[in-house]
Amino acid sequence: MRFASVILDIPTQALDAPYTYAVPEAPAEAGGYDVEVGCAVLVPFGHRQAVGFVVGLQELPDGEAPAGIDAAKVKPVVRAVSPAYFDEEGAACAQWLSERYLAPLSSCVRLFTPPGGVPRMVRAQAGYWRLEEPAVGEVDDRWVLPGAAFDGFEPRKNAVKQASIVEALQAGELRVAELAAEFGAVSSTLKALEKQGVVRIERRRRMRGMPPGSPGVPEGPGTSGTSGFTPSPKPPLTAGQASALAAIDAARERGAGEVVLVDGVTGSGKTEVYLQAIEAALAAGRTACVLVPEISLTPQTVGRFRGRFGDTVAVMHSRMGAGERYDQWDFIRSGAARVVVGARSALFTPLANVGLIVIDEEHEGSYKQDSAPRYHARDVAVWMARRAGAAVVLGSATPSIEALYACAKDPRWHHVELPERANGRPLPAVQVVDMAKEFGGGSRSMFSRALSRALAEELAAGRKAVLLLNQRGFAKFLLCRECGFVPECPSCSTSLTFHERGNFLICHHCGYRVTAPPACPECGSPYLKKFGAGTQRVEADLRVLLDATPGVGPGVPIVRMDADTTGGKGAHQRLLEEFAAADAAVLLGTQMIAKGLDFEDVTLVGVINADTMLRLPDYRAAERTFALVEQVAGRAGRAELPGRVLVQTYEADAAPIRAAAAYDRALFLRDELPKRRMLRYPPYVHMANVLVWGKDEEAVRTSAAALYEGLAARVRDYGGEGWDVLPATPCVLAKLRGTYRWHLVVKCPLDGDLSGVLLPYFRARKLEREVNVAVDMDPDDL
Ligand code: ADP
Ligand code: ZN
Ligand code: ZN
């Protein structure tokens, strides 16, 4: 007798164990699917049927049942309703994710299924459910090809349309849709031609999500070609690139899941290193998965990979439609795709035989998923590479402190540096502008005199500028515009968050709370500003400034890029093209502009407010500020023209800002690491952030307090040295869309098994109806 472990495809917060079902002896009906690991099955569930995924199969002698299961009560699987979406390895990964991130197994299994492509149960009428096929199935096109009688075709005198169609086909086969676009209604004409044997009509699978002009679906492995793609030439590597490549090749050949951190300044040729490392992996018969931050997944990025590896490149990201993603997923499963380029979810596509996993801009926040399972792509990649005997390549100009720390401590992590740009251009000089002094000079503008002057010079000379308005998070804090003072928590050394409702300041680490002062406690100034200016405001002010600047005027476009202007599909791309096409122009945007922009004629980069992020109540604030300033600075002077960078700040003396301006990472780390160690933050501890939310404020508070009691008891019983459970406090965003949010933090030493200790508690915990609880392991914000 065979038994299947099945995870029901139902949203839940329970750390569910799989259900056991019996596998029917009879083979699948003709055209049906076999019950195998990774497939969707229909199973009885209560009074109805439900869809689930098979995560394990077990064969037992007749009469026996799996441990803890009553054979008499086991119900049989109704039938399999899909092919296998994942294999045993995928099932093992889902299990690991669930235990590592304390996430419901159903949410982990879901990562492996094709987007929009899974059958599901829908409620048809009261009490009646039916199975609905995937919303995005395969689609096909009808193609018209020359038939047997094509060559000798003699149109009748008045059969003009027939003649034109045959003439059009002389150049090669065409889709019915293309013919229709040119000649109008063609179906009856085609039917007539088909009857005479002049043309053949064929249905062919269409792959959504491929660029126009590229070949259709590759038939299988070995049909690779770069036709239809702009080839990207392969330059000889610099010495630094060559040694990075050698380190990657060696790590891959050792096949032990080692990591190579390519620590290279912007423009140092990291992407070229990835390309050649992938080429070597492919030559060795392996495949490669390349993760890129969602925002940098532009046609240009994809083009670089397709230009080298042609139609063996699959692309996967969330801005693609469900149909396109389904086809790319299927293309990967077919084995024809050898390279997958995508956002973090690309890790879970059915790419076989992976030899290399590349994570570009590994410091990026978008590699952490903010819903269950709250995994970090870097950690998952390392786990997968160890299992698959592959290597991981991490690339960044500003590596995360975690990655740098691992390189220093773990012999399986290797650090290679590319300190110079591939074209030999110097990095632009960075000037820090102290805004506190500007204000003293009588100006209340967002643009310092130095930045205004620089804008005027560059724009009048027909060059381009990029302005960054740092707007991460919406937590407000108070800032004295006179002296730069920001109220801080007396015991946590983080800034206090300002709560408009109730006019108080609160520390989100320890709960310390005071009434907001009417004047600056430091200098007595009444100019206490609540920080948080919008891009729209800045755009309006900038317009006024430019219009009043001699030699610039109203003709110079301002391209604004933020969450509002980039909502639509392709909007991001369109704005960048608009900026590229202009002569003198300003690109004004939020964090999203700091990445991947490569415009030759940008000679000025301005950071309008480097310190807004620095003051966020978040242990990573300094690291993020340092990285952002350094990343954005790298956008200037990429080509012939030298660049310059102006960083406006009220914190001119803050270490992250001074360090970024001097491109001095050692200086930054000397300042930052002792603080992290003292305050017990990563990389010196493991952390779990336990999130509690719901519509009923009192229930949320009570539940958070009970969780604190429960977890504190669990940790006490466990008795580990250096384990801490901090009392529950409201989140920085204490209320979001009508939901009240609390959290509490658990910390343990680096060698502590945080997931392992917390897991039994969360498995045993009873779910509440009113309150949601989730665990965020290694949280990105705190
Ligand atoms: P990164 O990914 O580090 O920002 P890229 O790989 O995009 O750097 O390289 C920056 C620029 O330098 C690109 O235009 C690239 O084509 C070019 N480049 C990279 N490596 C070389 C090389 N070895 N010789 C000449 N040009 C190179
Ligand atoms: Zn505090
Ligand atoms: Zn002051």
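Computed from a prediction, not measured in an experiment: that's the story for all the values here.

What follows covers the overall build of the protein chain. If you tally the helices and strands in the protein chain, you get 21 helices and 33 strands. Against the globule reference of 28 Å for 782 residues, the protein chain gives a C-alpha radius of gyration of 30 Å, in line with a compact fold. Its C-alpha atoms give the protein chain principal-axis dimensions of about 90 × 75 × 55 Å. For the protein chain, the proportion of its 782 residues judged to be buried stands at 45%. Sequence-distant contacts, at least 24 apart, represent 72% of the contacts inside the protein chain between residues at least 6 apart.

Taken together, 14 residues sit near ligand 1, with Pro 235, Gly 269, Lys 270, Thr 271 and Ala 422 positioned nearest. In terms of residue count, the dominant contributor to the shell around ligand 1 is helix 7 (residues 270-283) (three residues). For the shell around ligand 1, the residue count by class is three nonpolar, nine polar and two charged.

Moving on to the environment of Leu 744. With respect to the secondary-structure elements, Leu 744 resides in strand 32 (residues 739-749). Accessibility expressed as a C-beta count within 10 Å gives 20 for Leu 744, which makes it buried. Along the sequence, Leu 744 and Ala 704 sit 40 residues apart, while their C-alpha atoms lie 7.6 Å from each other.

So, on to the sheet that holds strand 11 (residues 259-264). Reading across from one edge, 13-14-12-15-16-11-17 is the order of the seven strands in this open sheet, with parallel pairing throughout. In this open sheet, the two strands that pair with only one neighbour each are strand 13 (313-316) and strand 17 (413-418). Going from strand to strand, the sheet's axes swing by 15° on average, the running direction of each strand aside. Along the sheet, helix 7 makes contact with strand 11, strand 12 (287-291), strand 14 (339-342), strand 15 (354-360), strand 16 (391-396) and strand 17, crossing strand 15 at roughly 170°.

Attention shifts here to the UniProt feature "binding site: Zn(2+) 1" (unreviewed entry) in the protein chain. Following the UniProt record, one finds the feature "binding site: Zn(2+) 1" (unreviewed entry) at Cys 480, Cys 483, Cys 520 and Cys 523. A maximum C-alpha distance of 8.7 Å places the annotated residues, which cover 44 residues in sequence, within one compact spot. In this structure Cys 480 touches Phe 485, Cys 520, Glu 522, Cys 523, Ser 525, Tyr 527 and Leu 528, once residues within four positions along its chain are discounted. With near-sequence residues (within four places) excluded, Cys 483 lies in contact with Ala 436, Cys 520, Glu 522, Cys 523 and Ser 525.

Right, let's talk about the sheet that holds strand 2 (residues 19-22) for a bit. Here five strands make up an open sheet; going across it, the order is 2-1-4-3-5 and the pairing antiparallel. Only two strands of the sheet have a single partner each, and these edge strands are strand 2 and strand 5 (79-80). Bridge count for strand 3 (residues 40-45) against strand 5 is two bridges, and the pairing is antiparallel. Note that in strand 5 the partner of Leu 42 across the bridge is Arg 79.

Quick look at the packing of helix 6 (residues 239-254) against helix 7 now. For the pair helix 6 and helix 7, interaxial distance at closest approach is 10 Å and the crossing angle is 35°. Note on packing geometry: the crossing formed by helix 6 with helix 7 is right-handed. Together, Gln 241, Ala 244, Leu 245, Ile 248, Asp 249 and Arg 252 of helix 6 and Glu 272, Val 273, Gln 276, Ala 277, Ala 280 and Ala 281 of helix 7 make up the contact between the two elements. Here the residues of the contact of helix 6 with helix 7 sort into seven nonpolar, two polar and three charged.

Below, the discussion takes up helix 13 (residues 449-460). With 12 residues, helix 13 should cover 16 Å at 1.5 Å per step; its first-to-last C-alpha distance of 16 Å lies within 8% of that length. At its buried positions, helix 13 is contacted by strand 18 (429-434), strand 19 (464-468), strand 27 (602-607) and strand 28 (644-649). Just downstream of helix 13 lies Gly 462, where phi reads positive at about 80°.

Next up on the list: the nonpolar core. Counting residues in hydrophobic clusters, the biggest one holds 141 residues, and the most contacted among them are Val 41, Val 290, Val 340, Leu 356, Ile 357 and Val 393. Those residues in contact with Leu 356 that sit more than four places away from it in its chain are Arg 252, Ala 277, Ile 278, Ala 281, Arg 286, Ala 288, Ala 390, Ala 391 and Val 393. Of all hydrophobic cores here, the second largest spans 70 residues; its members include Val 607, Ala 621, Val 629 and Ala 661.

Here the UniProt-annotated "domain: Helicase ATP-binding" (unreviewed entry) positions come out as residues 251-417. A helix fraction of 37% and a strand fraction of 22% characterise residues 251-417, whose end C-alpha atoms lie 16 Å from each other.

Most of strand 16 is tucked away, with six of its six residues classed as buried. Where burial is concerned, the two faces of strand 16 agree: the one with Ala 391, Val 393 and Gly 395 and the one with Val 392, Leu 394 and Ser 396 are both buried. Here strand 11 pairs with strand 16 via five bridges, running parallel. Its bridge partner lying in strand 16, Asp 263 is registered against Ser 396. Summarising the sheet, strand 15 and strand 16 pair through five bridges and their orientation is parallel. Each bridged residue has a counterpart across the sheet, and for Ile 357 the counterpart in strand 16 is Val 392. Traced from strand 15 through helix 10 (residues 377-388) to strand 16, the parallel crossover comes out right-handed.

Quick look at unusual backbone geometry now. Keep in mind that most residues, glycine aside, have a negative phi and that most peptide bonds are trans. The amide bond that connects Ala 372 to the next residue, Pro 373, takes the cis arrangement and shows omega of -10°. Assignment of secondary structure puts Pro 373 in the loop between strand 15 and helix 10. The linkage connecting Pro 682 with the following residue, Pro 683, adopts the cis geometry, with an omega of 10°. As for its position among the elements, Pro 683 is in the loop between helix 19 (665-678) and strand 29 (685-694). With a phi angle near 50°, Leu 102 is a residue other than glycine that sits in the positive phi range.

Conventions we followed
Every chain is numbered independently, its residues counted from 1 as its sequence is written. Starting at A for chains and at 1 for ligands, labels are handed out in the order in which the entities are written. Per-residue local features of the predicted model are confined to residues with pLDDT of at least 70, and side-chain atom pairs are confined, for both listing and counting, to 80 or more; whole-chain, interface and lining totals are unaffected and use all residues. The helix and strand labels rest on DSSP assignments: H or I over at least four residues marks a helix, E over at least two residues marks a strand, and numbering proceeds from the N terminus. Here the globule rule reads 2.2 Å times residues to the power 0.38, and the radius of gyration is calculated from C-alpha atoms. In this scheme the burial state of a residue depends on its C-beta neighbours within 10 Å: 20 or more other such atoms mean buried, 12 or fewer mean exposed, and anything in between means partly exposed; the C-beta positions come from the backbone. We call two residues in contact whenever the C-beta atoms placed from their backbones are within 7 Å. For each residue, a C-beta atom is positioned from the backbone; the residue is called near a molecule or strand if that atom sits within 6 Å of it. Residues are sorted three ways: Asp, Glu, Lys and Arg are charged, Ala, Val, Leu, Ile, Met, Phe, Trp, Tyr, Cys and Pro are nonpolar, and all the rest, Gly among them, are polar. Strands are treated as partners if at least two bridges between them are detected by DSSP. As a rule, the C-alpha atoms of each element are fitted with a line to give its axis, helices using only the stretch in contact, and angles between N-to-C directions run from 0 to 180 degrees. UniProt positions are given in the numbering used here, feature names are shortened, and annotations may be inferred rather than shown by experiment. It is the rotation of the near helix from the far one that decides the hand of a crossing: anticlockwise by less than a right angle makes it left-handed, clockwise makes it right-handed. Expected helix span is given by 1.5 Å per residue-to-residue step, counting one fewer step than there are residues. By our criterion, buried Ala, Val, Leu, Ile, Met, Phe, Trp, Tyr and Cys residues that link up through C-beta atoms within 7 Å make up a nonpolar core. A crossover counts as right-handed when, viewed with the strands pointing away from the observer, the path leading from the first strand over the helix to the second turns clockwise.

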